[in-house]
Each structure stands twice: as structure tokens, then as C-alpha cells.
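Close look at the chain arrangement
Here is what each chain is made of, one letter per residue.
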Amino acid sequence: MEQSGLMEDASQVPAPRRVGLFVTCLVDLYRPSTGFAAVRLLETAGCEVEVPPGQTCCGQPAFNNGDSATARAIARSIVERFEGFDHVVAPSGSCAGMLRRHLPELFADDAPWRERAERLAARVHELTSFLVDVCGSAAVERLRGAAPPRGVRTATYHDSCSGLRELGVREQPRHLLAAVDGLDLVEMRDAEVCCGFGGTFCVKYPGISGRMVSEKVENIASAGADAVLAGDVGCLLNIAGRLGREGRPVRVFHVAEVLAGMAERGIGEPASGAAGTGAVAGSSRG
Amino acid sequence: MIPESHRFPDRAGLALADEGLRLALDRARQGFIGNRRKAVDALPEFQELREAARRVKNHTLANLDLYLERFESQATAAGGQVHWAADAAEARARILAICREAGARTVTKGKSMVGEEVGLNEALEEADLEVVETDLGEYIIQLAGETPSHIVAPAIHKTREQIRDLFAEHHAPLGLGAPGLGNAELVARAREVLRREFLRADVGITGANFLIAESGSTVIVTNEGNGDLSNTLPRVHVVIAGIEKVLPGFEDLSTVLRLLARSATGQEMSVYTTVSTGPRRGEDLDGPEEFHVVLVDNGRSAMLGGEFREMLRCIRCGACLNHCPVYHAVGGHAYGWVYTGPMGSVLTPLIVGLDKAHHLPNACTLNGRCEQVCPMSIPLPTMLRKLRTRGFERGFGTRTSRMGLAAWGFLARRPAVYGSATRVAMGILGWLGRRRGAFRRLPLAGGWTGVRDLPAPEGETFQRAWRRRGARR
């Protein structure tokens, strides 16, 4: 894990950090609430947040399926859009891992682009890790006291694989969640075992993915929590989908939504209020 | 063993439907993972050892020709004979020739994965030799007519009840009834039957966990002692080993040995660690009269020169299998060949051909747990991804998945098209899904909705909502 936090402790630095939010395609398409929650957290932590226009995808579907040319084309546009920021933050360990660990690999034979990719990669962070490791303790202090989602008293945290193993994200979300008022965190069995999402894996090998997510959901239910949280919308869609299929009443939120006190409609829950517009109604920016 | 890896999806489907397999895998996995964890936690220098072992193996691989020649000259000096086999067919032919020259009728075998790789048993049996596997797990699957489903625990897919029934069936002709269900009773029965075989075997064939260049020795680690009986009782001892098994000396061996059993079974050391150097010498009380080592290439030297070299560091501990959620779900037989789990998903395409095994590197979530526990720090997910790149270049994969990927790639490179297409699509999906919050079925999404609901999107895309609000700010 990177130990950049010590050198960049927020309490000592007066100028706000300019953060480019890498929205990620799943947040963009499926879960805008997560994006707005991420913005609120970053702003509360003292950052100046921008969302560069024209964002699409981090390129993982292409990269992980062996289509390097497409992954490289996407990577170039990401570098161009984001290299002007002090930091790039993504509400996803998977996409942040792609940018931080794999972007430079794509340019193994292209020194100028590799250097640009490396410079960018070093400044890419997963959201909770950025808040704790980079923004530091003073910023974390300012994030205290969010209210948990209505009716949720205990939550369990699923460690998404890329965040955990590529970026060392494990304690950061738990540390932040400990500061949510009246929310108890309980650990499930095998929290660090893959949920079976795996990007395109889940539709290419649905039977195996189904077995994996069934086990995950079983462990979530056994933990006795009201809600399951994670830092990746991909895992959460998979988990919520299976919880729904099994009719288990566990609610599903991205960790950012809970930390920002903006968790209202859980993933896979019906919209309340007017059709089609209820989605981001509760997430107006402060 | 004929590779069946191209049928991975079908085989996986069968495995998923097998409730007995699920129970067996569940039990085994908890044991393996917990025991390894305890063993690793109890050894503060584990990570340093990992690093040291990686260096040892990298050095050896960088000088593989030198160490193999050293091994050959030392083994020969100790009275042994070293044979080189470029591929599986040569390995089989060489060993068959040794057995014929020895006038052998019966062969006992210690567990050898490279033996399985080259299809040794089938070749010997076709030549009318009686082959008896003596590792308990291998013995069980030999009786069942099956192949190993785990490189360390070949019969891990079998429950005790199934083993008892197998023994009852196959031991009836020996006048033995069904054994009890306890571990001790099953082991005692196997021992009773196998003892007779050890005593009448003409040739003993074992694998090698390591080859030691400085002395020309071969090393096996076992928990049952069956390897020792296979290599001391018969008149001829044949060792079959991949060329990547060589280590420079005993110092290096001790480094790697400290990792092997801890990673494999959570033991500090396996029960037996046996070093064989040459045949019986004049003053020895026992041991074989002939000592042969068959060094198998079978695709390894091609790996040495390319981007998969690091795979040759593998010491076959099985930790990657034990921690792989896909292996947990489907077990070893789904992989369709000798090597299974993450290491098998790299090795199988490299040895039998990517065209026959392109599913294996794809059937993985790239969750990275295998690399995390690999004692030799092999970057397994990176290698699986490299194999996917080769597969993509060669046009493997279903038409649907390639088309879907191409469509996504098209959109992802065109932000304006992406923006309007996703705005419309998410608007519709969000509206359709607003009441239930999720879809039970959706056209073209059967891969997803076959096993789980598809949560509905919120409706408006984030980027759209962000711009809209920005305009109002």
C-alpha cells in the first residue's frame, strides 16, 4: 500500500486539492447517488472537485478480455482528461486499480505515453483510501457524524477484490464507517472472498458466478446485518441482484452514500415518489 | 490424459450440480485455508522467505542450462542415468523402455503430476504392465477410474462414504470386507493392500519435488511414506521430473522447503522429505539397483524464453487452488486436465495449446487471491490476462461476447455517442424498473438474470445530472 498520507497530511496544507472525479461507468449509468455522495465527501474533506466532461469507462472490459488496442485508446483519453489534476479519485477500487496499476502497462512499448500514464497513475486513488491516507486525520474528523440510512443499525462490509489486493483498501472504509453515528459494523465470514462479479465474468460464466454470489449472500445474511456496503458498484449490483432473487431483506449501499449521510434508496429498491425522478432526489449537493 | 479443457463450461455445469462435490470441496477448503493461515502467522520471516525463494528460482531459471547439466553430471557420477525427454511421447517411450529392459511386470508409483501430464499410466498399462498408484489419494482415484482433481490432494472431490464403497467393491476379490468409515480404518485398509504391491513391484516410479544440481539428487516430500517404499523396494527406481524442478544446492532447497508444506497443507514440514542420490552402493542395506531420472521439457523451455517464464517458479503447492473461488465452485475435474485452478489455467493452455483451453484463463474473476498466497509470488492474474490477450488476437470466445465487447469499446471511445446512448438507455431502464427496483428478466441479459435480479438504474446518468445542476448553480 502506498504511504503517501504522511507527506500529504491535509491539516498542514492550506490550498485545497484539485481533485478530478473519475465517475466510473457503473456509477455514471447505474448509481449517480454514489457519485454525488463522493463529491460531498471530497468537498467536506476540503477538496475542490471537478468532473471532467466526456468520461466513459476505465477500459477494464477491453483490458481484461485481451483487447489491448481498445484499452489503450481509452487510456489515452483518460490521461488527457485527467493529467491536469492534483489527484484523481474514483468511487471504485476496481477502476482506481485499473488506472493506478495497469494504465502504464498498456504503454510498455511507447515511452512518452508510458511516462504520462505513470505520472497520472501515481495520483489515482480509491475514494476511501484517498480520504484517509491522503486527506488525513483532520479531514476525516470533518466527515464524522453522518446519520445512517433509516432503519439501518448494523452493516457489514464486503471487501472488493481489486481495492483490497491491488490498492490495499481494507481498514480505510471501516475506519470511516466507525464515525457514522449509531451504525455498528459487523464482520461477515469470508468478507475478502470474491462475490463472483468479475466484470464480464459474471455473464460469461453465470453458473459459477451464481454459486459465488450465493455464498456471499449467505455470509451476509449470517452476519445478521441490516445492510451490506462496499466500495464498488459492480459488486453491489451483483450482491443486490442475488439478495433480491433470494428475497432476503438486506439493504445495499455504496459505502460513500452511507458516509455522506445520503443513503436513501438502496440498490435494487423501488423508487419512492414520482416515477423516474426519485433517483437522485435525495442527493442534492450541500 | 486427453485434455478436455475445451469443454470447461459443460464440465463446470455438471460440477455445480453435484451436491456431494460441493460438500467435499467445502470441507477441504476450510481446512487448507485455515491451516495455511496458522502456519504462515507462526513464521515471522515468511515474507522474507518468499522473497528469498523467488530470487533463488529466478537465478536458477536464468541459468537453467548450467544447473541441468550440473545435475546430469552429478547424478551420473553417483551411478544414476539421466534421460532427456523433449515432449510427452518421448517421456513415455523412455520410461517404457526402462521398464522393458528391467523385465518389469508390476510398477508402483508415487504421486507425480508430470507423470499425469505425459499420460504415463495409460502408456504403461497399454504395454501390459500392472501399475499401482501408492499415494492414498492417487490410489483412490485409480480405483475409481478418475483423474486427480487437485495437485496436492488428488481425491479431494471424494467423500469418505464414496471411498469406503470403492474399497469395498475393489477389495472384495482379496477377501476383504467393507472397511469402517473412520480415517484410520480407511488408511489401514489401503496400507494393507498396498504393502503387498510394494513387495512385488519390479519398478518404482516417483516424481520429484526438487532436483539438486550440486549432488545430482532428487527430492520428494510426502506424508505417507509411499514414495520411500516406491523408491527403495523395487529393483529399479525411475524419477520423472520437469526440467524446472532443479535447484542449485541444499541451501536453496531448505529455503523453498520451508515455504512448500506451509503453503500446501499448513504443515511446517511434510512427514517425509526423502533425498535420493544414485542407486544402492556397496555398503547400503537397501535401495534400487538402478536409478533413472527422466527430465521432461514438454513446453517448458518455450516458456523460459517468453512472457510466461515466471510460471516456471511454481512448486506445485496448490495454495492458489485452495484460495480460488472458481476452484471452490467447480472443483478440479471441470478444468479438464491435470493442472487445475489458477496455476492450471496458466499451464494448461501453454502445454496443450490455447485453442484447446482458452476457457480456462477466462473463467476467472481476476480477484488476485492466488497471487497473494503464492509462495513463489507468481503474478497469476497478469499471466491469465496475457493469455486472454493471445486468445483475443486469435479470435477465440463466443461471437456474442466479442460483439458485446466491441460495442462497448465503440461507445467507450466516443464520449458524445456514449453520452446520448446511455442517457436514453438508462432513462428507459430506470423508468421501467422504478416500481420493482429490479428486473427478473430482461432481453439480452440472460447471463445476468439467470442467477440474480438486475437492479434498475436510477434513471438519469451522473454526468447528465451533474451538468444539469451545474447549469443551475
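Residues numbered from 1 in each chain as written. Chains lettered and ligands numbered in written order. Predicted model: local features only at pLDDT ≥ 70, side-chain atom pairs only at ≥ 80, totals over all residues. Heavy atoms only, no water.

Residues and elements named next belong to chain A. Read from one edge of the open sheet, four strands run 2-1-3-4, paired in parallel fashion. Strands with a single pairing partner mark the edges of an open sheet, and in this sheet they are strand 2 (47–50) and strand 4 (124–126). Put simply, the sheet's adjacent strands are angled 35° from each other on average, direction ignored. Relative to strand 3 (residues 87–90), strand 1 (residues 17–21) runs parallel, the two sharing three bridges. Counted as the bridge partner of G20 is V88 from strand 3. (Pairing = 2+ DSSP bridges. Helix = DSSP H or I, 4+ residues; strand = E, 2+ residues; numbered from the N terminus. Axes fitted to C-alpha atoms, helices over the stretch in contact; angles between N-to-C directions.)

Taken together, the contact pairs 76 residues of chain A with 68 residues of chain B. At the boundary of chain A with chain B, total buried surface from both sides reaches about 6200 Å², with 58% on carbon and sulfur atoms. Counting the surface chain A buries against chain B, the share from its top three residues, A:Y30, A:R211 and A:R245, is 12%. For the pair chain A and chain B, the interface holds five salt bridges. Note that B:R29 and A:E215 form a salt bridge whose closest N and O atoms lie 3.1 Å from each other. Summed over the shared surface of chain A and chain B, the number is 29 residue pairs in polar contact (both at pLDDT 80 or more). (Contact = heavy atoms within 4.5 Å. Buried area = accessible area lost by both parts, 1.4 Å probe. Salt bridge = Lys/Arg side-chain N within 4 Å of Asp/Glu carboxyl O. Polar contact = N/O pair within 3.5 Å; in protein donor to acceptor, adjacent residues only side chain to side chain.)

This next bit is on the domain arrangement of chain A. Residues and elements named next belong to chain A. Along its sequence, chain A is carved into domain 1 (4–139) and domain 2 (145–269). Domain 1 and domain 2 are separated by 22 Å when their C-alpha centres are compared. Each partner contributes to the interface: domain 1 provides 29 residues, whereas domain 2 provides 28 residues. For the pair domain 1 and domain 2, the summed buried surface comes to about 2200 Å²; carbon and sulfur atoms form 65% of the total. Among the salt bridges present, the one from R31 reaches E257, with a minimum N-O distance of 2.8 Å. There are 13 residue pairs in polar contact (both at pLDDT 80 or more) connecting domain 1 and domain 2. For the side of domain 1 that touches domain 2, the elements supplying multiple residues, two or more each, are helix 1 (25–30), helix 2 (32–44), helix 5 (93–102) and helix 7 (127–135). By residue number, the principal contributor to the side of domain 1 that touches domain 2 is helix 5, which donates eight residues. When grouped by side-chain class, the residues that make up the side of domain 1 that touches domain 2 number 13 nonpolar, 10 polar and six charged. (Domains from an automatic or database assignment. Nonpolar A, V, L, I, M, F, W, Y, C, P; charged D, E, K, R; others polar.)

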